[in-house]
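Below are the chains, spelled out letter by letter.
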Amino acid sequence: MSYQLSRRALGASSSVIREILKVTERPDVISFAGGLPSPEGFPITQLAKAYETVFATQPKTALQYGPTEGYRPLREWVVEDFKQRGVEINVDQVLIVSGSQQALDLIGKLFIDEGSKVLMESPSYLGAIQSFSQYGPIYDTIPTDDGGLIPESITEEKAADARFLYALPNYQNPTGLTLNLERRIALVKRCAELNLPLIEDDPYGELRFTGEALPGLFALSKQHGGCVIRMGSFSKILSPGLRLGFILAPEQIISKMVQLKQATDLHTATVTQMAVYEAVKDGFLKEHLPKVRELYKRQCNFMLEAIEENFGGGDVQWTKPEGGMFIWMKFPEQVNTTVLLPRAVEEQKVAYVPGEPFFPIASSAVTNNMRLSFVTVSEDKIRTGVANLAKLFK
């Protein structure tokens, strides 16, 4: 039997990372591929207690439909959390979503028509590229260097008719780079001058394990103007299985996103929102997050030491993240990490994500990079896996 599918369905493709993860389920493969939070950082006891409390005290509310905007106490918690950071918002600027991947989809639905121009860092988050691409945009890329996105490169010509600029200022996925304060201010100011909406994706912001915390783009827009839409997530600070995130934006944008979300899932799971609120409402994250940061710092140091030991002194470069989950490696131009991946898996029993899919414009993609994730692998496997990669790439 044949079916007449939509152009959008015909153009859809599987996530490269998800396909790689199928291979790395093999127990004999050391995987640096998945961008998965460490299960050691999951607050299992706290979440179990939170669900128990919700079902003991408000079971009928938890099992009922809820407002599209989200569970109001959780939205109010987000407001208070940002107030403590010095950012004043109101509850009508907060939309709870089913993971930040839904936030990306809503942003695509809100802004992108077929042929619309979208500005992105290059490389950028593969999940965002995949989400936006289903709406048929034309990508234009913002140059980057060792300090991340270069605000001065956002010319009037480049910004003309662009629907938005998408950026990850903290421990960027895939590079692990952090945008410094000077560039953050310059980026917000430049987008304000050009009347260009700025999407701030910040799933890793709470995972800084070295250096000083920096104000987000949304916070800086309160001082320097412009429209910044901020995406946040509970995946990396509690658990990705919760599928819970949020969007901060001007009220008129939230209002339109509410309409779009109603056509998708009506609302994010009520019981999940209530349990997360119960878990975090009394300051639990202040106790929990330092432990997660210390765990990630230790894992990152293991991998940096292993890379230095096996690749140091040569012509291979790598980032040294201040937080997050990823290290980006750059090899000489003749090396093709996509071509070498099957050999890495079969011969060396180690997996990584090739850099090529992270470039929004396929024709200008670079093939001599790779992304390594360090948070879910033990120290001995990190050292073995990096040594095995060195055998292949040398």
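A short tour of the structure in this document, coming up. Quantities reported herein were computed from a predicted structural model and do not represent experimental measurements.

Describing the environment of Tyr171
Right, on to step 1. Structurally, the position occupied by Tyr171 is in the loop between strand S7 (162-167) and helix H9 (181-193).
Right, on to step 2. Judged by its relative accessible area of 1%, Tyr171 is buried.
Right, on to step 3. Separated by 189 residues in the primary sequence, Tyr171 and Pro360 place their C-alpha atoms 19 Å from one another.
Right, on to step 4. Those residues in contact with Tyr171 that sit more than four places away from it in its chain are Gly176, Leu177, Thr178, Tyr204, Gly205, Leu207, Arg208, Glu322, Gly323 and Gly324.

Some remarks on the sheet that holds strand S3 (residues 117-121)
Backbone-to-backbone hydrogen bonds join strands into a sheet, with any given pair of strands oriented parallel or antiparallel.
Right, on to step 1. Across the sheet, seven strands lie side by side as S2-S10-S9-S8-S7-S3-S4; this open sheet has mixed pairing. Strand pairing shows two members of the sheet lacking a second neighbour, strand S2 (94-97) and strand S4 (138-142), which therefore form its edges. Across this sheet, the average inter-strand angle for adjacent strands is 20°, counted without regard to direction.
Right, on to step 2. Those strands touched by helix H6 (residues 100-111) are S2, S7, strand S8 (198-201), strand S9 (228-233) and strand S10 (245-248), and its axis lies near 155° from that of S9.

A word on the packing of H6 against helix H7 (residues 126-133)
Right, on to step 1. Running from amino to carboxyl end, H6 crosses H7 at an angle of 40°, the nearest separation of the two axes being 9 Å. By the angle class used here, H6 and H7 are oblique. For the crossing formed where H6 meets H7, the hand is right-handed. Here Gln101, Leu104, Asp105, Ile107 and Gly108 of H6 come into contact with H7, specifically with Gly127, Ala128, Ser131 and Phe132.
Right, on to step 2. A class-by-class count of the residues in the contact of H6 with H7 yields four nonpolar, four polar and one charged.

Digging into a nonpolar patch on the surface
Right, on to step 1. There is a patch of nonpolar side chains on the surface, built from Met1, Tyr3, Leu5 and Leu10 and spanning about 580 Å² of accessible area.
Right, on to step 2. Following the sequence through the fold, Leu10 ends up in helix H1 (residues 7-11).
Right, on to step 3. For Leu10, a relative accessible area of 61% gives the class exposed.

Let's talk about the pairing of S3
For a regular strand, side-chain orientation follows a simple rule: the groups alternate between the two sheet faces.
Right, on to step 1. Buried residues dominate S3, accounting for four of its five residues.
Right, on to step 2. Bridging between S3 and S4 involves five bridges; their strand directions are parallel. Its bridge partner being in S4, Lys117 is matched across the sheet by Ile138.
Right, on to step 3. At this point the chain moves from S3, through H7, to the parallel S4, and the crossover so formed is right-handed.
Right, on to step 4. Note that S3 and S7 share three bridges and pair parallel. Counted as the bridge partner of Lys117 is Ala162 from S7.

Topic: the pattern of salt bridges
Right, on to step 1. If you walk through the whole model with that rule in mind, you get 21 salt bridges.
Right, on to step 2. Residue Lys291 is joined to Glu287 by a salt bridge in which the shortest nitrogen-to-oxygen separation is 3.9 Å. In this pair, Lys291 and Glu287 are both assigned in helix H13 (residues 284-311), four residues apart and thus about one turn of the helix distant.
Right, on to step 3. One salt bridge in this structure joins Arg343 and Glu347, with 3.0 Å as the shortest N-O distance. Of the two residues, Arg343 and Glu347 are both situated in helix H14 (residues 337-348); the distance of four residues between them amounts to about one turn of the helix.
Right, on to step 4. With relative accessibility at 46%, the residue Glu347 sits in the partly exposed group.
Right, on to step 5. One salt-bridge network, held together by shared partners, links Asp81, Arg85, Glu206 and Arg293.

Here we look at the packing of aromatic side chains
Ring pairs (aromatic) are described by centroid distance and by the angle formed between their planes.
Right, on to step 1. Applying the stated criterion across every chain yields a total of 13 aromatic pairs.
Right, on to step 2. Ring geometry for Phe82 and Phe246: centres 6.2 Å apart, planes at 85°, overall edge-to-face. Of this pair, Phe82 sits in helix H5 (residues 72-84) while Phe246 sits in strand S10; the two residues are 164 residues apart in sequence, bridging distant segments of the chain. For the pair formed by Phe82 and Phe246, the shared burial category is buried.

What counts and how
In every chain, residue numbers begin from 1 and rise along the written sequence. Reporting of local features is limited, given that this is a predicted model, to residues whose pLDDT is at least 70; pairs of side-chain atoms are given and counted only at 80 or more, and all residues count toward the totals for whole chains, interfaces and linings. For the side-chain quantities, the full set of heavy atoms in the structure was used; hydrogens and water were omitted. Secondary structure elements follow DSSP: runs of H or I of four or more residues count as helices, runs of E of two or more count as strands, with numbering from the N terminus. Burial classification: accessible surface area is computed with a 1.4 Å probe over protein chains only, and a residue below 20% of its type maximum counts as buried, one above 50% as exposed, and the rest as partly exposed. Contacts are assigned to residue pairs that have any heavy atoms within 4.5 Å of one another. DSSP bridges decide pairing: two strands pair if at least two such bridges lie between them. Interaxial angle, 0 to 180 degrees, is taken between N-to-C directions of lines fitted to C-alpha atoms, where a helix line uses only the stretch in contact. Oblique is the label for any angle not under 35 degrees, not over 145, and not in the 65 to 115 range, which are roughly parallel, roughly antiparallel and roughly perpendicular in turn. The crossing is said to be left-handed when, going from far helix to near helix, the turn is anticlockwise and less than a right angle, and right-handed when the turn is clockwise. Residues are grouped as follows: Ala, Val, Leu, Ile, Met, Phe, Trp, Tyr, Cys and Pro are nonpolar; Asp, Glu, Lys and Arg are charged; all remaining types, including Gly, are polar. Exposure above 30% relative accessible area and the lack of any salt bridge qualify a residue for a patch; like charges then connect within 9 Å, and the nonpolar side chains Val, Leu, Ile, Met, Phe, Trp and Tyr within 5 Å. For every accessible area listed, the method is Shrake-Rupley and the probe measures 1.4 Å; residues are considered covered only by the protein chains on display. In the sections that follow, a salt bridge refers to a side-chain nitrogen of Lys or Arg positioned within 4 Å of a carboxyl oxygen of Asp or Glu. Place the viewer so that the strands point away; then a crossover is right-handed whenever the path from the first strand over the helix to the second strand goes clockwise. Aromatic rings from Phe, Tyr and Trp, with only the six-membered ring used for Trp, were paired whenever their centres fell within 6.5 Å, and each pair was classed as stacked if the ring planes differed by under 30 degrees, edge-to-face if by over 60, and tilted otherwise.

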